[in-house]
Amino acid sequence: MDRWFKDFSLLWALLIGAFLRVLPLAMWQTDKCMRDECTYLTLAHRLAAGEGMTPSNNWIWAPGYPSLMALHERLFGYSEAIVGSQIVLFTLAIILGYQLAKDAGGVRAGRITAWLLACSPTLAFFAGHIWSESIYTTLLIAAVFSLGWARKGSIWRALLPGVLVGGCVLFRGVATYMVPIFAVAMIWQRWRDKSAWASAALLIVAGIAVVAPYSIYASQKFGGLVISDATMGQMMWLGNNLYDPITFDWGVGTLSSLKYNALIDSGRPHCSGKLYYGKAWDACEMEAAKEWIKANPGEFFKRIPQRWAQLFNPNSFVTRHVRLERWAELPSWVAEPLLIATIVLSYIAVLGGIVGAFSKGRGWLMMTTLMIVGYHVAAIGLVAGLSRYRVPLDALFLVWAGVFLADPKGALDQVGGGGWRFWCMTALLLICTPLMTWYLLPGYLPK
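Residues numbered from 1 in each chain as written. Predicted model: local features only at pLDDT ≥ 70, side-chain atom pairs only at ≥ 80, totals over all residues. Heavy atoms only, no water.

K.L.:
Explain the overall build of the protein chain to me, and be specific about the residues and the numbers.
P.N.:
If you tally the helices and strands in the protein chain, you get 20 helices and zero strands. In summary, the protein chain has a C-alpha radius of gyration of 22 Å against a globular reference of 22 Å for 447 residues, a match within 12%. For the protein chain, the C-alpha atoms occupy an extent of roughly 60 × 55 × 50 Å along the three principal directions. Counting contacts in the protein chain only where the partners sit at least 6 residues apart, residues at least 24 apart contribute 78% of the total. Put simply, the protein chain has 37 plus and 26 minus side-chain charges, and the middle of one group is 7 Å from the middle of the other. (Helix = DSSP H or I, 4+ residues; strand = E, 2+ residues; numbered from the N terminus. Rg over C-alpha atoms; globule rule 2.2 N^0.38 Å. Contact = heavy atoms within 4.5 Å. Lys, Arg positive; Asp, Glu negative; His and termini not counted. Charge placed at Lys NZ, Arg CZ, Asp CG, Glu CD.)

K.L.:
Give a description of the pattern of salt bridges that names residues and reports values.
P.N.:
Taken as a whole, this structure holds 13 salt bridges when the rule is applied. Among the salt bridges present, the one from glutamate 291 reaches lysine 294, with a minimum N-O distance of 3.9 Å. Here lysine 294 and glutamate 291 lie together in helix H13 (residues 279-295), a separation of three residues that amounts to about one turn. Look at glutamate 291 and you get partly exposed, because its relative accessible area is 45%. (Salt bridge = Lys/Arg side-chain N within 4 Å of Asp/Glu carboxyl O. Buried < 20%, exposed > 50% of the residue type's maximum accessible area, 1.4 Å probe, protein only.)

K.L.:
Hey, could you go over empty space enclosed by the protein for me, with residue numbers and the actual values?
P.N.:
Going through the model one piece at a time under the given rule, you end up with two cavities of 30 Å³ or more. One number sums up the size of the largest cavity: a volume of about 40 Å³. For the largest cavity, the full set of lining residues is Ser120, Thr122, Leu123, Thr342, Leu345, Ser346, Ala349, Asp394 and Leu398. Among the secondary structure elements, those contributing two or more residues to the lining of the largest cavity are helix H6 (121-127), helix H16 (332-360) and helix H18 (391-406). Ranked by the residues each element gives to the lining of the largest cavity, the list is headed by H16, at four residues. Looking at the lining of the largest cavity residue by residue, the classes come out as four nonpolar, four polar and one charged. In this structure, the second largest cavity spans a volume of roughly 30 Å³. Tallied by class, the residues present in the lining of the second largest cavity amount to one nonpolar, four polar and two charged. (1 Å grid on protein atoms, 1.4 Å probe; cavity = no way out; pocket = protein on both sides within 12 Å on 5 of 7 lines; lining within 4 Å. Points joined across faces, edges and corners; volume = space filled by probe spheres on them. Nonpolar A, V, L, I, M, F, W, Y, C, P; charged D, E, K, R; others polar.)

Rendered as C-alpha cells:
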C-alpha cells in the first residue's frame, strides 16, 4: 500500500476526483430525489424505523443499498449522508483500478486509468446521488482485484472475493449469477491445480454465506424464493410490452409522469393487485412476459439491439439532470462542456476498453472482464436497457482504456497482424460504435 502513496500522479488523481465529487454538492445540488432515488429513501426510512425490507410498487428490491442508507440515517439522522461514504469509498475504486491497469500495462497505464476514473463525469455524478451504482461499482472492482490477489496465495484468500461478490449480489439483483463467473476465473489457466479448485469452491461457499441469511429471511417473508431481489417481472413488463422498451434517459426515455402513465395504460395490464405483497406478483409478471414473448418472438429479438443501444447510450444521467435544470445554478459555460466530456469519456471507456483488452489483455483479468461484461450485456439485452446500468461496466472498461492509451501504437501493433484477438476486437468495435451512436444526438440535444 505504501507504494500507492509514493506515486504523486495517483495522489493528484485522488484529490481531483474528490474535488469533482464534492463540488456539485457544495455549489449546485438543489434537486430533490428522482424516481429510484425516492424509492431508496422510502425503503431506508422503513428499515430505520424497524419495519425490515418491504416491497415498493410491487417490487422486492435488493437490500444492500437501502440497508446502508438506513444505517446512515441511524448514525447521522438522514439517509442522504450516504453520499459522503460513496465519495470516500470510490477513492478505493480509483486506487484498485490504478493497480489493475498497472499490472496489465505498466505504471503509465495505471496512472491514466486513475485519472480516467477520477474525472469521469458519470462516475462523479453517481457518487453524489442516492443510486446504488457507486457502491456497487466499488464492490465490483474490489472483487476483481481481490480475485487476482487470491490467485497468488493460500486457498483461504478466496474468502475475500467470495464475500465481495456476495456483497454485489445484495446490492443489485443482476449480480445474482456472478458467483460462478468468479469461480471459473479462479481456476482459469490452472485447470490441473487442485488448490485452485479448492479456492473456487471456497469462493462459492463464501458468496453463498453472505447472501443466504437475507435470502432465507426474504423467502419466508415474501412467500417464495428470493435470492436478493424480485424485480425481474417488472423489468420484463417494461421491456417486453405493446410499446417500445421504456427507459428513463434524456431524449430517449419517458421522463414525464403524465406521458409515462399514458404509455403504460396503452400496454398489457399488470397482474392483479391482490398479489401485491410477496413473490407471487413478480412470478405472475414473469409468466405474462414469457407468454408475450412466445406470441411475439420476432418483436422480442428485434428489441435486443435497441435495449443494447439504450445501455450504450454515451450520454448519462448527468445529461438528464442538466437538461431538466435539476442543477439550477450550474452555469451554461460549465454545463455544455460537462455534457460533451460525458460523451467523450463514454466512447473512450467502451471503444478504448475493447482495444486495450484484446490487444494487451491476457490471462485471468481479461477473461474475468469479458465474462462480467458479457453477462451484464446479455441480461440487459433480454430485459430492459438504461445508461445507468452501464456505470459499473464503464469502470472496468476504463481500466483497459488506460492500458490502451498508455501505449496506443504498441497495442495496435499487437493485434495488427490478425488472429482471433484482431477479429474479436474488430467485430466488437463494429457492433458497439453504431450502438453508441444510435441515441447520441437525441440523448444530448435540448428539446
